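# Structure at a glance
So the chains spell out like this:
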Amino acid sequence: MSEKASYDIPTPHGGYHSRGGESESLGLTHTPRRASALNTIVASVALLFILVSQVWSTYWRFKLPPLEHVPSNGSEGVARLPFMGFNTWNAYHCDINESIIVENARLMETLGLLGAGYNYMNIDDCYSEKKRSPEVDEPFSEDKTRFPSGMKALTNEIHQLGMKAGIYGDSGWFTCQLYPGSFQNELRDARLFQLEWGFDLLKFDNCAVPFDHIIREGIVGKYQRMADAISQVSKEPGKLPMVFSLCQWGREQPWLWGKRFSQSWRTTGDIEPTWRSIASIINQNSFITWASDFYGHNDMDILEVGNGALTYEEEKAHFTAWALMKSPLLIGADLASVSKEALEILKNEDVIAINQDPVVGTAISPFRWGINPDWVSNETHPAQYWSDESANGTVFMLLNTLDEPADMFFNLTESPWIRAGRKYSVRDLWSHSENGTAIRNFTAQGVPAHGVIALLLRDAGDEPEALEPPCVRPEWCMDQNGTLIESGVSNSHLDL
């Protein structure tokens, strides 16, 4: 069914400045004694000024409150880790109803996905009536034909299954499918979503933007409106804020400001079930991996695993990149017809464990781009060599962006998380097997086209004695006697 890569793990061999005549230029005449008295007065006034300034500065330093970190959405304890679950959009778009939601929620449990960590059932666009109530104090309502039992009954059922419920909204006049948006109704809608309907998460889109003279805000202020509303509603007794998931497609660099208000922010346009789309999203996110950490994550969009358009190897690579880059993981396939292979990918406990690491919140980042010079953007051939630390070792992802199988080689210490002079045990996160010990280098042979290798390396002690060359990375490799050694050859001696 899938091509497998083999590993080649190497073995040991291988004061003051006075200006003359200044008083004359000012038209002053005086005797030396007068000059001395004047200088004393000036010096005393200067000293008094300095002392007063210091006292004033100290007073205000202690009087003013210190600057404090503003927690995500005014809260702590909400979505510390990337959320996992299901979203209706990729599989159903607007063709949703109560039965579809309930069926997929139940399948999340019976297929073992809830047990694997997918505990959000999120409803996307098109669930509501097309217009708001004409009554000023009335919010919009759910579509009575599609959701005859009402949203409160639906979220109750989702909660009884041990899951949380997510809903969709928009920061503009309308949603992207022209259902009611929340602009100028933020507090009313936040109360509707959380207090009346019982939702735990809000995905908030970026369509139907009001005219500039009406909104008079940039995108930051635009999203702050709903963030403030969520925070206000959360002051109700016993309520935590809804998880706030920004969906503004990477506009105006949300990785710089999104964490002020939210727990995740979309970084790109919508995903498509093609390798080109997957590669492009990986490429764009390769330059902003630093933005993901606890309580705030780059959102790479809903998963396309199980939607039938990607090869098995492409689905593995897609899922691995999303998980190890600490994106939220939202299944976007029809669970009633999902394949066994897609389920195996979605339930990979070794890969999910990295995404849900309770100790290390950061994402993998490229240490070498591979085909391209480092730090060069390429929509079709993103960075290939990635790593990060984790609670249980160093994580590596090798991504073959070529259209044919390829061997992939790296020196262990190219990753900043690997110690020189040590050997490492190797665990394959897809075969779930231990694969010997790596010393200095690692080669994955025959990585399938658009395929992936995911590894966990654990320190296994000192490497063998007297290995040559003395430094795997030759740049400025030097003997303690001052001899500069590059590529295993003594080149020069520096006088120290």
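Residues numbered from 1 in each chain as written. Predicted model: local features only at pLDDT ≥ 70, side-chain atom pairs only at ≥ 80, totals over all residues. Heavy atoms only, no water.

## Some thoughts on the overall build of the protein
On a plain count of helices and strands, the protein comes out with 13 helices and 20 strands. When each of the 496 residues of the protein is scored for burial, the buried share is 50%. A total of about 24400 Å² of accessible surface is found on the protein, and carbon and sulfur atoms cover 53% of it. (Helix = DSSP H or I, 4+ residues; strand = E, 2+ residues; numbered from the N terminus. Buried < 20%, exposed > 50% of the residue type's maximum accessible area, 1.4 Å probe, protein only. Areas by Shrake-Rupley, 256 points an atom, 1.4 Å probe, with all protein chains shown as cover.)

## Here we look at the packing of helix H10 (residues 275–285) against helix H11 (residues 312–324)
In the contact formed by H10 and H11, the axes pass within 11 Å of each other and the chain directions differ by 25°. Here H10 lies roughly parallel to H11, going by the angle between them. Like other packed secondary-structure pairs, H10 and H11 cross with a definite hand, here left-handed. Contacts between H10 and H11 involve Trp-275, Ile-278, Ile-281 and Ile-282 from the former and Glu-314, Ala-317, His-318, Ala-321 and Trp-322 from the latter. Residue classes in the contact of H10 with H11 are distributed as seven nonpolar, one polar and one charged. (Axes fitted to C-alpha atoms, helices over the stretch in contact; angles between N-to-C directions. Parallel < 35°, antiparallel > 145°, perpendicular 65-115°, else oblique. Left-handed = near helix turned anticlockwise from the far one by under 90°. Contact = heavy atoms within 4.5 Å. Nonpolar A, V, L, I, M, F, W, Y, C, P; charged D, E, K, R; others polar.)

## Structural notes on the state of the cysteines
A full pass over the atoms with the stated rule returns three disulfides. In this model Cys-176 forms its disulfide with Cys-207; the gap between the sulfur atoms is 1.9 Å. For the disulfide bridge between Cys-176 and Cys-207, the dihedral angle about the S-S bond is near 85°, and by the sign convention the bridge is right-handed. Note that Cys-176 is positioned in the loop between strand E4 (164–170) and helix H6 (186–196) and Cys-207 in the loop between strand E5 (201–205) and helix H7 (212–215), a separation of 31 residues in sequence. (Disulfide = S-S within 2.5 Å.)

## Quick word on H6
Restricting attention to buried positions, one finds in H6 the residues Glu-186, Asp-189, Ala-190, Leu-192, Phe-193 and Gln-194. Along H6, the residues classed as buried sweep out an arc of 165° about the axis, all on the same side. On its buried side, H6 packs onto E4, E5 and helix H8 (219–233). Downstream of H6 by a residue or two, Gly-198 has a phi angle that is positive, lying close to 90°. (Arc of directions from axis to C-beta.)

## Topic: the pairing of E5
With five of five residues buried, E5 lies mostly within the body of the structure. Residues of E5 alternate between two faces, with Leu-201, Lys-203 and Asp-205 on one and Leu-202 and Phe-204 on the opposite face, all of them buried. Relative to E5, E4 runs parallel, the two sharing five bridges. Paired with Asp-170 across the two strands is Asp-205, which belongs to E5. Each parallel crossover has a hand, and the one from E4 via H6 to E5 is right-handed. Where E5 and strand E6 (residues 243–246) come together, four bridges link them in parallel fashion. By the bridge assignment for E6, Leu-201 is matched with Val-243. (Pairing = 2+ DSSP bridges. Right-handed = clockwise from strand over helix to strand, strands pointing away.)

## Details of the packing of H6 against H8
Closest axis-to-axis distance for the H6/H8 pair is 9 Å, and the angle between their directions is 50°. Regarding the angle of H6 to H8, the classification is oblique. Crossing of H6 against H8: the hand is right-handed. On H8, the residues touching Glu-186, Leu-187, Asp-189, Ala-190, Arg-191, Gln-194 and Leu-195 of H6 are Arg-225, Met-226, Ala-229, Ile-230, Gln-232 and Val-233.

## Topic: the packing of aromatic side chains
Working definition: an aromatic ring pair is given by the centre-to-centre distance plus the angle between the planes. One pass over the full model with this rule turns up 21 aromatic pairs. Judged by centre distance (6.2 Å) and plane angle (80°), the rings of Tyr-127 and Trp-197 are edge-to-face. Of this pair, Tyr-127 sits in the loop between strand E3 (120–122) and helix H5 (151–160) while Trp-197 sits in the loop between H6 and E5, and the two are 70 residues apart along the sequence. Each member of the pair, Tyr-127 together with Trp-197, is buried. Taken together, the ring pairs in this structure connect Tyr-127, Phe-140, Phe-193, Trp-197 and Phe-199 into an aromatic cluster. (Phe/Tyr/Trp six-rings, centres within 6.5 Å; stacked < 30°, edge-to-face > 60°.)

## Quick look at a nonpolar patch on the surface
Among the surface-exposed residues, Trp-173, Phe-174, Leu-178, Phe-211 and Ile-214 lie close enough to one another that they form a single nonpolar patch of about 500 Å² accessible area. Assignment of secondary structure puts Phe-174 in the loop between E4 and H6. Accessibility expressed as a relative area gives 39% for Phe-174, which makes it partly exposed. (Patch = residues over 30% accessible without salt bridge, like charges linked within 9 Å, V, L, I, M, F, W, Y side chains within 5 Å. Salt bridge = Lys/Arg side-chain N within 4 Å of Asp/Glu carboxyl O.)

## Here's the deal with the sheet that holds strand E2 (residues 84–87)
Reading across from one edge, E8-E7-E6-E5-E4-E3-E2-E9 is the order of the eight strands in this open sheet, with parallel pairing throughout. Two strands bound the open sheet, and with one partner strand each, they are strand E8 (297–299) and strand E9 (329–331). Going across the sheet, the axis of each strand differs from the next one's by a mean of 25°, ignoring polarity.

## What to know about the confidence of the model for the protein
Across the protein, the average pLDDT comes to 87, with 82% of residues at or above 70. This stretch, residues 11–38, has a pLDDT under 50; its non-local contacts, to residues over four places away or in other chains, come to nine contacts. Taken as a whole, residues 49–75 scores under 50 in pLDDT and shows 20 contacts with residues more than four places along the chain or in a different chain. (pLDDT = per-residue confidence, 0-100.)

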